[in-house]
Amino acid sequence: MRLLFLAVLRRHTGNAITAQRVRDHLEAAGHVCILKDALDFESPSEISDFIKAESLEAAMALHLYRGGRLLPGHGIPFGIIFGGTDLNEDVKHGEKNKVMGKVLEEARFAVAFTESMKETAQRQWPHAKDKIYVQSQGIATVPNTTFNWNTFLQRSEINQSADNLHVFLLICGLRQVKDPLYLVDAFSEWHQEEPNIYMVIVGPEVDPVFTREVKAKVKRTAGVRLIGEIAQEDLHAVMKNCFAVVNSSVSEGMSAAILEAMDLEVPVLARNIPGNAAVVKHEVTGLLFSDPQEFVRLAKRLGGDPALEKQIVANGREYVRMYHSWQVERNTYGHLVRMLEGSSED
């Protein structure tokens, strides 16, 4: 079967990585999967022309609004994967909410990463409750074995011996929903007390206006560095070398960076929001903070309590192995895509 798969393909953001992984699963099941950026299409008529030109028989979209709204009405069956901001942010806008409800009416299936995402979708669109499945993200990490940590530190303008450093890594695309500046002031104050503590923000420039704001703030803030996007294997190597991975988002579907950190046996400190609390159990698989001051308190505690760090890291790794199996995810999508076989007009 020839499938169109729409997603927002900003490199190295969570949804782009998820889309590439799901495409691999679909191709492993014997299908031809053409992955396209939803933002490249301005209207459903452009999608219609593309479907005809490529002889496509079915479609999928990651993100109910950005990708999903382009799929109804083309006479081919399709499925949806919820992204996160569709359920956490777009549902609050009446017109978007209505559009997403119509998309779900026509979709053969919809995938939520967590039970709480499924419950949110069912509350919003009760008519779709029987077609929503839960499949958590499958995680596989492959750190670059030739990666040079000292070179990365130099690039980050951290001119200290790696032996005594504590680098906290915040991985996110630079857009407001990721709130990369949330911890910056509190972290900088801490850096003044302990100059071996650094926060490094890594990720692509998604929102140009907001990116300028982030760059300006970081430039005048001690102890905080900003690095552009880097290749996935290098990013995993950076994670492996850092002291902890941090998430300060206002909204998350399911953070791949958190799960990858757990898989790599790196401690996680995450903002206490529903998407993060679904995967980080406080003091078990990571630490949850509700404000910047609590983040600093917990980070200091983690640094001074090796037993806590060891326990969190072991539990995190076990959690990912048990609940975020790459093979289980592959099997699920192999099963779901069979629901798209046969014309929607049959």
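Residues numbered from 1 in each chain as written. Predicted model: local features only at pLDDT ≥ 70, side-chain atom pairs only at ≥ 80, totals over all residues. Heavy atoms only, no water.

Colleague: Can you tell me about helix α13 (residues 306-323), naming the residues and giving the values?
Modeller: With 18 residues, α13 should cover 26 Å at 1.5 Å per step; its first-to-last C-alpha distance of 26 Å lies within 8% of that length. For α13, every residue scored as buried is listed here: L308, I312, V313, G316, Y319 and V320. Viewed end-on, α13 has its buried residues packed into an arc of 130°, placing them on one side of the element. Exposed residues lying more than 90 degrees from the buried face of α13 are P306, A307, K310, R321 and M322. As for α13, its buried residues are in contact with α10 (256-263), β12 (287-289) and α12 (292-304). (Helix = DSSP H or I, 4+ residues; strand = E, 2+ residues; numbered from the N terminus. Expected span 1.5 Å × (residues − 1). Buried < 20%, exposed > 50% of the residue type's maximum accessible area, 1.4 Å probe, protein only. Arc of directions from axis to C-beta. Contact = heavy atoms within 4.5 Å.)

Colleague: Explain the UniProt feature "domain: Glycosyl transferase family" (unreviewed entry) in the protein chain to me, using residue names and the numbers behind them.
Modeller: Within the UniProt annotation, "domain: Glycosyl transferase family" (unreviewed entry) is assigned to residues 159-318. Structurally, residues 159-318 comprises 44% helix and 17% strand, and the distance from its first C-alpha atom to its last is 35 Å. (UniProt positions renumbered as here; feature names shortened; annotations may be inferred.)

Colleague: Would you mind going over the packing of helix α9 (residues 232-241) against α10 in detail, with residue names and values included?
Modeller: At their nearest, the axes of α9 and α10 sit 10 Å apart, and the two run at 60° to each other. What the angle tells us is that α9 and α10 run oblique. The hand of the α9/α10 crossing is right-handed. Along its contact with α9, which presents Q232, H236 and M239, the element α10 presents A257, E260 and A261. (Axes fitted to C-alpha atoms, helices over the stretch in contact; angles between N-to-C directions. Parallel < 35°, antiparallel > 145°, perpendicular 65-115°, else oblique. Left-handed = near helix turned anticlockwise from the far one by under 90°.)

Colleague: Tell me about the packing of aromatic side chains, and please be specific about residues and values.
Modeller: If you walk through the whole model with that rule in mind, you get 11 aromatic pairs. Ring centres of F289 and F295 lie 5.3 Å apart, and the angle between their planes is 70°; on these two criteria the pair is classed as edge-to-face. Comparing F289 with F295, the two get one shared label, buried. Centre to centre, the rings of Y319 and Y323 are 5.3 Å apart; their planes meet at 40°, and the pair counts as tilted. (Phe/Tyr/Trp six-rings, centres within 6.5 Å; stacked < 30°, edge-to-face > 60°.)

Colleague: Any chance you could break down the packing of helix α7 (residues 184-193) against α12 for me, citing the residues and the numbers?
Modeller: With their axes 9 Å apart at the nearest point, α7 and α12 run at an angle of 40° to one another. When the axes of α7 and α12 are compared, the pair comes out oblique. Contacts from A186, F187, W190 and E193 in α7 reach P292, F295, V296, A299 and K300 in α12.

Colleague: Report on the nonpolar core, specifying residues and quantitative values.
Modeller: Residues M60, F82 and W125 are the most contacted members of the largest nonpolar core, which totals 85 residues. Other than its neighbours up to four places away in sequence, M60 contacts L3, L4, F5, L6, V22, L26, L71, G79, I81, F109, Y333 and L340. If you look at the next biggest cluster of nonpolar residues, it comprises 30 residues, including V184, F210, A299 and L302. (Core = buried A, V, L, I, M, F, W, Y, C linked by side-chain atoms within 4.5 Å.)

Colleague: Hey, could you go over helix α4 (residues 94-106) for me, with residue numbers and the actual values?
Modeller: For α4, built from 13 residues, the straight-helix expectation of 18 Å at 1.5 Å per residue is met to within 8% by its first-to-last C-alpha distance of 19 Å. Listing the buried residues of α4 in full gives N97, M100, G101, V103 and L104. The buried side chains of α4 occupy one side of the element, clustering within an arc of 160° when seen end-on. Away from the buried face of α4 by more than 90 degrees, exposed residues G94, E95, K102 and E105 are located. Contacts made by the buried residues of α4 are with β4 (78-81), α3 (85-88), β5 (109-112) and α5 (115-124).

Colleague: An account of the sheet that holds β12 is needed here, citing residue identities and associated values.
Modeller: On the basis of which strands lie adjacent, the open sheet formed by six strands has the order β9-β8-β7-β10-β11-β12 and parallel pairing. Because the sheet does not close on itself, it has two edges, and the strands there are β9 (224-227) and β12. With direction set aside, neighbouring strand axes in the sheet form an average angle of 25°. Relative to strand β10 (residues 244-247), strand β7 (residues 166-171) runs parallel, the two sharing three bridges. By the bridge assignment, L169 is partnered in β10 with V245. The strands touched by α9 are β7, β8 (197-202) and β10; relative to β7, the strand with the most contacts, the crossing angle is about 140°. (Pairing = 2+ DSSP bridges.)

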